[in-house]
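Single-letter residue listing:
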Amino acid sequence: MMNGCNLVDNDSAVAGGVEDMYGEDIATMGQPVTPWTVSVASGYTLMRDPRHNKGVAFTERERDAHYLRGLLPPIVLSQELQEKRIMHMLRQYKVPLQRYMAMMDLQERNERLFYKLLIDNVEELLPVVYTPTVGEACQKYGSIFRRPQGLYISLKEKGKILEVLKNWPERSVQVIVVTDGERILGLGDLGCQGMGIPVGKLSLYTALGGVRPSACLPITIDVGTNNEKLLNDEFYIGLRQRRATGQEYAELLHEFMSAVKQNYGEKVLIQFEDFANHNAFELLARYSSSHLVFNDDIQGTASVVLAGLLAALKLLGGTLADHRFLFLGAGEAGTGIAELIALEMSKQTGNPIEENRKKIWLVDSKGLIVDSRKHSLQHFKKPWAHEHEPVSKLVDAVKAIKPTVLIGTSGVGKQFTREVVEAMASINEKPLIMALSNPTSQAECTAEEAYTWSEGRAIFASGSPFDPFEYDGKVFVPGQANNAYIFPGFGLGVIMSGAIRVHDDMLLAASEALAAQVTGEHFKKGLIYPPFSDIRKISANIAAKVAAKAYELGLASHLPQPEDLVKYAENCMYSPVYRTYR
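Residues numbered from 1 in each chain as written. Predicted model: local features only at pLDDT ≥ 70, side-chain atom pairs only at ≥ 80, totals over all residues. Heavy atoms only, no water.

Visitor: Got a minute to help me understand the sheet that holds strand β9 (residues 405–408) in this structure?
Guide: In a beta sheet, neighbouring strands are held together by backbone hydrogen bonds and run either parallel or antiparallel to one another. The sheet built from seven strands is open, its strands ordered β8-β7-β6-β9-β10-β11-β14 with mixed pairing. Each end of this open sheet is capped by a strand with a single partner; those strands are β8 (367–368) and β14 (479–480). With four bridges joining them, β9 and strand β10 (residues 432–435) adopt parallel strand pairing. Directly across from Gly-408, in β10, lies its bridge partner Ala-435. Relative to strand β6 (residues 325–328), helix α17 (residues 394–401) is tilted by about 170 degrees, and along the sheet it contacts β6, β7 (360–364), β8 and β9. (Pairing = 2+ DSSP bridges. Helix = DSSP H or I, 4+ residues; strand = E, 2+ residues; numbered from the N terminus. Contact = heavy atoms within 4.5 Å. Axes fitted to C-alpha atoms, helices over the stretch in contact; angles between N-to-C directions.)

Visitor: Explain the packing of helix α4 (residues 96–109) against helix α6 (residues 122–129) to me, please; I cannot follow it from the model alone.
Guide: The geometry of a pair of packed helices is captured by two quantities: the angle between their axes and the separation between those axes. Where α4 meets α6, the axes come as close as 8 Å, and the angle between the chain directions of the two elements is 95 degrees. Relative to α6, α4 is oriented roughly perpendicular. Between α4 and α6, the contacting residues are Pro-96, Arg-99, Tyr-100, Met-103 and Met-104 on the first element and Leu-125, Val-128 and Val-129 on the second. (Parallel < 35°, antiparallel > 145°, perpendicular 65-115°, else oblique.)

Visitor: I keep staring at the state of the cysteines and nothing clicks. Help me out?
Guide: In a disulfide, the sulfur atoms of two cysteines are held together by a covalent bond. If you walk through the whole model with that rule in mind, you get zero disulfides. Cys-192 carries a free sulfur, and the closest cysteine sulfur to it, the one in Cys-138, is 11 Å from it. (Disulfide = S-S within 2.5 Å.)

Visitor: Explain helix α5 (residues 111–120) to me, please; I cannot follow it from the model alone.
Guide: Every α-helix carries 3.6 residues per turn, so stepping three or four residues along brings you back to the same face. Summarising burial for α5: eight of the 10 residues are buried, a large majority. Among the residues of α5, Glu-111, Arg-112, Leu-113, Phe-114, Tyr-115, Lys-116, Leu-117 and Leu-118 are the ones counted as buried. Next to the buried residues of α5 lie α3 (79–90), α4, α6 and α10 (196–209). (Buried < 20%, exposed > 50% of the residue type's maximum accessible area, 1.4 Å probe, protein only.)

Visitor: Help me understand the domain arrangement of the chain, please; the structure alone is not making it clear to me.
Guide: How big an interface is tends to be stated in terms of the accessible area lost upon association of its parts. What the domain assignment lists for the chain is domain 1 (43–121), domain 2 (131–295), domain 3 (300–481) and domain 4 (485–572). Computed over C-alpha atoms only, the centres of domain 1 and domain 2 are separated by 29 Å. On the side of domain 2, 21 residues touch domain 1, which itself brings 14 residues to the contact. Across the domain 1 to domain 2 interface the summed buried area is about 1500 Å²; carbon plus sulfur atoms make up 60%. Summed over the three residues of domain 1 that lose the most area to domain 2, namely Leu-97, Tyr-100 and Glu-108, the buried surface amounts to 37% of that side. For the pair domain 1 and domain 2, the interface holds five residue pairs in polar contact (both at pLDDT 80 or more). (Domains from an automatic or database assignment. Buried area = accessible area lost by both parts, 1.4 Å probe. Polar contact = N/O pair within 3.5 Å; in protein donor to acceptor, adjacent residues only side chain to side chain.)

Visitor: Looking at this structure, I do not really get the nonpolar core. What am I missing?
Guide: Within soluble globular proteins, side chains that are nonpolar generally end up buried alongside one another. Counting 124 residues, the largest nonpolar core has Ile-341, Met-434, Phe-490, Ile-528 and Tyr-529 as its most contacted members. Of all the elements, helix α14 (residues 296–316) adds the most residues to this core, at 11 residues. Those residues within four positions of Ile-528 in sequence are excluded, and the remaining contacts are Gly-308, Ala-311, Ala-312, Leu-315, Leu-432, Met-434, Ile-459, Ala-461 and Val-518. Of all hydrophobic cores here, the second largest spans 36 residues; its members include Leu-165, Ile-221, Met-257 and Phe-275. (Core = buried A, V, L, I, M, F, W, Y, C linked by side-chain atoms within 4.5 Å.)

Visitor: Which parts of the structure should I look at to understand the pattern of salt bridges?
Guide: Side chains bearing opposite charge may pair, as long as their charged atoms lie close to each other. If you walk through the whole model with that rule in mind, you get 32 salt bridges. The partner of Glu-282 in a salt bridge is Arg-286, and the shortest N-O contact between them spans 2.5 Å. Within this pair, Glu-282 and its partner Arg-286 are both found in helix α13 (residues 277–287), separated by four residues, close to a single helical turn. Each of the salt bridges in this network shares a partner with another, and the network as a whole consists of Asp-180, Glu-182, Asp-189 and Arg-243. (Salt bridge = Lys/Arg side-chain N within 4 Å of Asp/Glu carboxyl O.)

Visitor: Sorry if this is basic, but what is going on with the pairing of strand β3 (residues 216–222) here?
Guide: Look at any regular strand and the pattern is simple: side chains alternate between the two faces of the sheet. The buried count for β3 comes to seven of seven residues, which makes it a mostly enclosed element. Burial of β3 is two-sided: the residues Cys-216, Pro-218, Thr-220 and Asp-222 facing one way and the residues Leu-217, Ile-219 and Ile-221 facing the other way are all buried. In this structure, strand β2 (residues 175–179) lies alongside β3, joined through five bridges in parallel fashion. In the sheet register, Ile-176 faces β3, and the bridge partner there is Leu-217. Taking the sense of rotation as the criterion, the β-α-β connection linking β2, α10 and β3 turns out right-handed. (Right-handed = clockwise from strand over helix to strand, strands pointing away.)

Structure, rendered in structure tokens:
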């Protein structure tokens, strides 16, 4: 049976639907459901099932019907009151990692309450379950590890990956976020402890994009680590060996990709997360024609930054092609953003992409990427090697190139020095400065520095959140170029259309949809992104545009196309409100 969103399919585990074991999706929100698949003699099991546990919100009638009498205190609290109580508790913690652990405990105990909390308090809790706190959580994952979440696939499982996937209790998975832990945020190789990233990303797929939790599968592929500190840490939870590379690595990844497709079908979205440059580009290129794959570091980051640039044009004036861009950082994020900017310019002007690339300059650890360095460059940097004399320092590159937009994706903090920001401000009336590296400690500069050094003229956005800042009597609200704006809505659009491949035009559609959500009120505050408090509405609009593009390109398989895709997206979104049990 299929519901109105084509997301429920009880007959097939691979048709893009989520198997509805408990009849929750078929029932309307007003209908009671039965949370059991077999007869039981005690409600004790129900209370330990995070998907159906309601804690002290079980009603008197439910306590009688489901053997809960005496297992709970006599009080009955509403979900809203439970939410208020937990938020009060979380605010008592002064250490962000304590809040993170408390949220993870709640997710393991009461899934619906966890998502209700996250959705209703998204601006306050997003930095707790995602950047920047998730970075610290990954660094200390071995010490705070309590209960496994997701699947761990190591070299020990080579030849048996399909069997491992079958151990996961959900047969109908729609989104997999997978990492090998080699480049976690700006923190480097964290090996198996990188699992915090897929877990956190998929929490946001549900909270921000409305993808059902049962449809989400976090996976860490453990091929070892080159982090000596972890290898010598008695609490490290991964393989104690140096990273596998070359053929051994490629064979394991190929077996994984083949097993995923065999087990979950053509329409499972596989999101690559925090792979090192040398593997990230190769994996995306190798599997984009045979699998539904998306690299958040290359494509998600590019899409959210492009959205900010499109919105910022209302403040800067001109078209995208009228501006000059300088990047500090030429890895996955930098080259991914640059390429998407060039693609959008081509869409707007009709000019060939090679011509557009000439307006985009990149600086790496050796200085400005120029034609004379081409012979020694990695393949993904070569398209950005333009005719120019070598320049080693960023500030000299700013003075030579005279960019209107400065973008940091270096993963190294404090690189946008006072001299650099002042140089940008001397060239531009309103310099656009985007310090995108995560976590906060790795940001190229702070919001306060950007506003102060530019004398309040900068338009600023960052990867991690910064508090509003007052300068010369005016309050500036920093924008956050957070991938969480894009990937949840993008994923929902892919799922609800039944897309079988990701196309660049779908990424451009997501960027344009996000930029369109920035209103005049936001611009008055200097914002180039809408507030996260509207994220579900934003995600629905992004999903609709992505799905529309999938239908237009002939990549959608859920036919016919719904008339109102925004309404359809909203109807498809998971609701964390408690259900009434028979």
